[in-house]
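# Descriptive analysis of the structure
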Amino acid sequence: MSKLHVVDHPLIAHKLSIMRNKKTGSKDFRELLNEIAMLMGYELTRDLPLEKITIDTPVERTQAYTISGKKLAIVPILRAGIGMVDGLLDLVPVAKVGHIGLYRDPETHLPVTYYCKLPSDIDRRIVILVDPMLATGGSASDALTKLKEHGCTHIKFMCLVAAPEGVAKVQADHPDVDIFTAALDERLNDHAYIVPGLGDAGDRIFGTL
Ligand code: PRP
Ligand code: URA
């Protein structure tokens, strides 16, 4: 079974509360989303392996540490996942970025894939799949399947708000993928929206309400 990490830092909780408020406009919503992505990225990259190196400081030769092992790739699920990319790139500027395009059919709530463009060496990278909303889990699960079809074996999923139903689906379909979220909300409503949630993340980021 994969692990669910609820990243419950006070700064994240505070920023998320502002985002949940329906009066918060797109500019602030976008900025806060990227800030939270960076703060969560700090936690998500905690287990990156280090190797010892020798460096010469202006004072003397010393042993220091540098990140070793696989390089990173960030993969947002379009559209809303784009809102978390810059925050993560601030943290890991050399990461490559792939894109998976999915939207939820408004009637069935099932994901429909329309785009996939990934770095050619994605199978050799640690992949952080990002999407602010984990509702039914259909979109995240399909995106994870697509990444595995491209050979990815080391994937983490990062979202902002998760519903218990979405967590259960991703854990059932992808027990090897840990989930990182800023909040675990109560449930889904009849339209498969997260309650209390924050509404339609893509619309709030891009002002398409
Ligand atoms: C939203 C969200 C996720 C998906 C979550 O995207 O960004 O991708 O819904 O729902 P699920 O867990 O039930 O699959 P949406 O389909 O609204 O597309 P958009 O990002 O283009 O607005
Ligand atoms: N997608 C969103 O953007 N919000 C929800 O609450 C559910 C799916």
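First things first, this report covers the structure right here in the doc. (Residues numbered from 1 in each chain as written. Chains lettered and ligands numbered in written order. Predicted model: local features only at pLDDT ≥ 70, side-chain atom pairs only at ≥ 80, totals over all residues. Heavy atoms only, no water.)

Okay, the overall build of the chain next. Broken down by element type, the chain carries six helices and 15 strands. The C-alpha atoms of the chain give a radius of gyration of 18 Å, which matches the 17 Å a tight globule of 209 residues would have. With respect to the principal axes defined by its C-alpha atoms, the chain has extents near 65 × 40 × 30 Å. Scored against the burial criterion, the 209 residues of the chain give a buried share of 46%. The contacts of the chain with a sequence gap of at least 6 include a subset with a gap of at least 24, amounting to 64%. As presented, the chain carries roughly 10900 Å² of accessible surface, and 54% of it is formed by carbon and sulfur atoms. Here the chain contributes 24 positive and 27 negative side-chain charges, whose respective centroids are spaced 3 Å apart. (Helix = DSSP H or I, 4+ residues; strand = E, 2+ residues; numbered from the N terminus. Rg over C-alpha atoms; globule rule 2.2 N^0.38 Å. Buried < 20%, exposed > 50% of the residue type's maximum accessible area, 1.4 Å probe, protein only. Contact = heavy atoms within 4.5 Å. Areas by Shrake-Rupley, 256 points an atom, 1.4 Å probe, with all protein chains shown as cover. Lys, Arg positive; Asp, Glu negative; His and termini not counted. Charge placed at Lys NZ, Arg CZ, Asp CG, Glu CD.)

Let us look at the site of ligand 1. The full set close to ligand 1 counts 15 residues, and Arg104, Asp131, Thr136, Gly137 and Ser139 are the nearest of them. In the model, an oxygen atom of ligand 1 is placed 2.9 Å from a nitrogen or oxygen of the Arg79 side chain. Arg104 places a polar side-chain atom, nitrogen or oxygen, 2.7 Å from an oxygen atom of ligand 1. Protein contact buries 90% of the 500 Å² of open area that ligand 1 shows by itself. When each cavity is represented as a set of grid points, ligand 1 is found to reside in the largest pocket. Elements with a minimum of two residues in the shell around ligand 1: strand 6 (99–104), strand 9 (133–134) and helix 4 (138–149). (Near = heavy atom within 4 Å. Polar contact = N/O pair within 3.5 Å; in protein donor to acceptor, adjacent residues only side chain to side chain. 1 Å grid on protein atoms, 1.4 Å probe; cavity = no way out; pocket = protein on both sides within 12 Å on 5 of 7 lines; lining within 4 Å. Sits in = over half its atoms within 2 Å of the grid points.)

Examined against the element boundaries, Tyr193 turns out to sit in the loop between strand 14 (187–188) and strand 15 (194–195). For Tyr193, a relative accessible area of 32% corresponds to the partly exposed category. The contact partners of Tyr193, leaving out residues within four places of it in the chain, are Arg104, Arg187, Leu188, Gly199 and Asp200. Polar contacts involving the side chain of Tyr193 include one to the side chain of Asp200, which spans 3.0 Å.

Quick look at the site of ligand 2 now. Around ligand 2 sit Arg104, Met133, Ala135, Ala192, Tyr193, Ile194, Gly199, Asp200 and Ala201, and those are all the residues in its vicinity. A distance of 2.8 Å is found between an oxygen atom of ligand 2 and a backbone nitrogen or oxygen belonging to Ile194. At 2.8 Å from a nitrogen atom of ligand 2 is found a main-chain nitrogen or oxygen belonging to Gly199. Summarising the interface, the protein chains cover 89% of the accessible area of ligand 2, which totals 240 Å² for the free molecule. Taken atom by atom, the bulk of ligand 2 overlaps the largest pocket. For the shell around ligand 2, the residue count by class is six nonpolar, one polar and two charged. (Nonpolar A, V, L, I, M, F, W, Y, C, P; charged D, E, K, R; others polar.)

Applying the stated criterion across every chain yields a total of one aromatic pair. A cation sits over an aromatic face here: Arg104 above Tyr193, 5.5 Å from the ring centre. (Phe/Tyr/Trp six-rings, centres within 6.5 Å; stacked < 30°, edge-to-face > 60°. Lys NZ or Arg CZ within 6 Å of the ring centre and 35° of its normal.)

We now examine the side chain of Asp203. Along the polypeptide, Asp203 turns up in helix 6 (residues 201–206). With relative accessibility at 17%, the residue Asp203 sits in the buried group. Apart from residues no more than four positions distant in its own chain, Asp203 is found in contact with Arg79, Thr208 and Leu209.

Bringing unusual backbone geometry into the picture now. Going from Leu78 to Arg79, the amide bond is cis rather than trans, its omega being -5 degrees. Of note, Arg79 is situated in the loop between strand 4 (72–78) and helix 3 (85–91). Cis geometry is adopted by the peptide bond preceding Pro196, which originates at Val195 and carries an omega value of 0 degrees. Structurally, Pro196 is set in the loop between strand 15 and helix 6. The phi dihedral of His109 falls on the positive side, at around 65 degrees, and the residue is not glycine.

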